[in-house]
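Here is how the chains run, residue by residue.
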Amino acid sequence: MTEQRGSERQGGFPRRDAEGRIRTLGDLLGVCLAGLVIGALALVLFDWAFASIGAGDFGHTNGWLAVILPAWLFWDDFRAWEFGAARVVAALVAAAVGVFAGLLIAGLGAGLPPLLSGALAAAAFTVAYATVWFPGVRWLARRTG
């Protein structure tokens, strides 16, 4: 059961305001990076299991799949904002910057196994998206009313 005191929800992590929006960039980055690590570890486990039964070579799974849990959190925070242009524009700009950063890192790590280069690219996407989305949506929401 969640109690509300003032304009903030109490308990839980990440900390959220009364509308369900994540309160701090640190909370957003912390939960996203934890989700990224969990996703990467799950990929390593599945890749190892499939390689051990002869269904492929270890390290050839697409590491970009590690971004699933952070993307879920981004979607949840997106839905917490009121319907309007601010959240859509902030999400599109953050996605463009995140994809660019992820593809840049994937390109720089082209000689690495796909699991590793993809996981590094997913990390770059996650950090870039969060650092653009969080201040961007707040700034745009203030500017548009």
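Predicted, not measured: the structure shown is a model, and the values here were computed from it. (Residues numbered from 1 in each chain as written. Predicted model: local features only at pLDDT ≥ 70, side-chain atom pairs only at ≥ 80, totals over all residues. Heavy atoms only, no water.)

Asker: I keep staring at the overall build of the chain and nothing clicks. Help me out?
Answerer: Each helix and strand counted, the chain has four helices and two strands in total. Its helices and strands taken in sequence order, the chain reads β-β-α-α-α-α from the N to the C terminus. Within the chain, buried positions represent 37% of all 145 residues. For the chain, the share of sequence-separated contacts (at least 6 apart) that also reach a separation of at least 24 residues comes to 65%. Counting every atom, the chain has about 8,600 Å² of accessible surface; 68% of that belongs to carbon and sulfur. (Helix = DSSP H or I, 4+ residues; strand = E, 2+ residues; numbered from the N terminus. Buried < 20%, exposed > 50% of the residue type's maximum accessible area, 1.4 Å probe, protein only. Contact = heavy atoms within 4.5 Å. Areas by Shrake-Rupley, 256 points an atom, 1.4 Å probe, with all protein chains shown as cover.)

Asker: Looking at this model, I keep getting lost on the packing of helix α3 (residues 85-108) against helix α4 (residues 114-144). Mind explaining?
Answerer: How two helices sit against one another is set out by the angle between their axes and by the gap between those axes. At a closest axis distance of 7 Å, the pairing of α3 and α4 adopts a crossing angle of 155°. By the angle class used here, α3 and α4 are roughly antiparallel. Pair α3 / α4 crosses with right-handed handedness. Broken down by class, the residue content of the contact of α3 with α4 amounts to 23 nonpolar, five polar and one charged. (Axes fitted to C-alpha atoms, helices over the stretch in contact; angles between N-to-C directions. Parallel < 35°, antiparallel > 145°, perpendicular 65-115°, else oblique. Left-handed = near helix turned anticlockwise from the far one by under 90°. Nonpolar A, V, L, I, M, F, W, Y, C, P; charged D, E, K, R; others polar.)

Asker: Sorry if this is basic, but what is going on with the nonpolar core here?
Answerer: Soluble, globular proteins show a tendency: their nonpolar side chains are buried together. Leu28, Phe74, Tyr129 and Trp133 are the most contacted members of the largest nonpolar core, which totals 24 residues. Of all the elements in the fold, those that place two or more residues in this core are α1 (25-52), α2 (68-80), α3 and α4. Here this core gets nine residues from one element, more than from any other, and that element is α4. Discounting chain neighbours no more than four positions away, the residues touching Trp133 are Leu28, Asp77, Phe78, Trp81, Arg87, Ala90, Ala91 and Ala94. (Core = buried A, V, L, I, M, F, W, Y, C linked by side-chain atoms within 4.5 Å.)

Asker: What's the story with the pattern of salt bridges in this structure? I'm lost.
Answerer: Between side chains of opposite charge, a pair can form when the charged atoms approach closely. Overall, the coordinates contain one salt bridge when judged by the stated rule. Between Arg79 and Asp76 there is a salt bridge; the shortest N-O distance is 3.4 Å. Separated by three residues within a single helix, Arg79 and Asp76 lie in helix α2, roughly one turn from each other. Classification of Asp76 as partly exposed rests on a relative accessible area of 26%. (Salt bridge = Lys/Arg side-chain N within 4 Å of Asp/Glu carboxyl O.)

Asker: What's the story with the side chain of Arg138 in this structure? I'm lost.
Answerer: With respect to the helices, strands and loops of the structure, Arg138 is situated in helix α4. The buried charged residue Arg138 lacks any salt bridge, with Asp77 as its nearest oppositely charged partner at 4.8 Å. The residues touching Arg138, leaving out its near neighbours within four places in the chain, are Arg21, Ile22, Arg23 and Trp81. (Lys, Arg positive; Asp, Glu negative; His and termini not counted.)

Asker: Could you clarify how one ought to interpret the confidence of the model for the chain in this entry?
Answerer: As a note on interpretation, predicted positions should not be read in detail where pLDDT is low. With 90% of its residues at a pLDDT of 70 or more, the chain has an overall mean of 84. Across the chain, the element-wise mean pLDDT spans from 46 in strand β1 (residues 4-5) up to 92 in α3. Confidence drops under a pLDDT of 50 for residues 1-8, and excluding neighbours within four residues, the segment shows 14 contacts in the predicted structure. (pLDDT = per-residue confidence, 0-100.)

Asker: Help me understand the packing of aromatic side chains in this model?
Answerer: A ring pair, where both rings are aromatic, is described by two values, the distance of the centres and the angle of the planes. Here the structure, examined in full by the defined rule, presents six aromatic pairs. Arranged with centres 6.4 Å apart and planes meeting at 20°, the rings of Tyr129 and Trp133 form a pair that is stacked. You can see Tyr129 and its partner Trp133 sitting in helix α4, four residues apart, about one turn around the helix. Under the relative-accessibility criterion, Tyr129 is labelled buried at 8%. (Phe/Tyr/Trp six-rings, centres within 6.5 Å; stacked < 30°, edge-to-face > 60°.)

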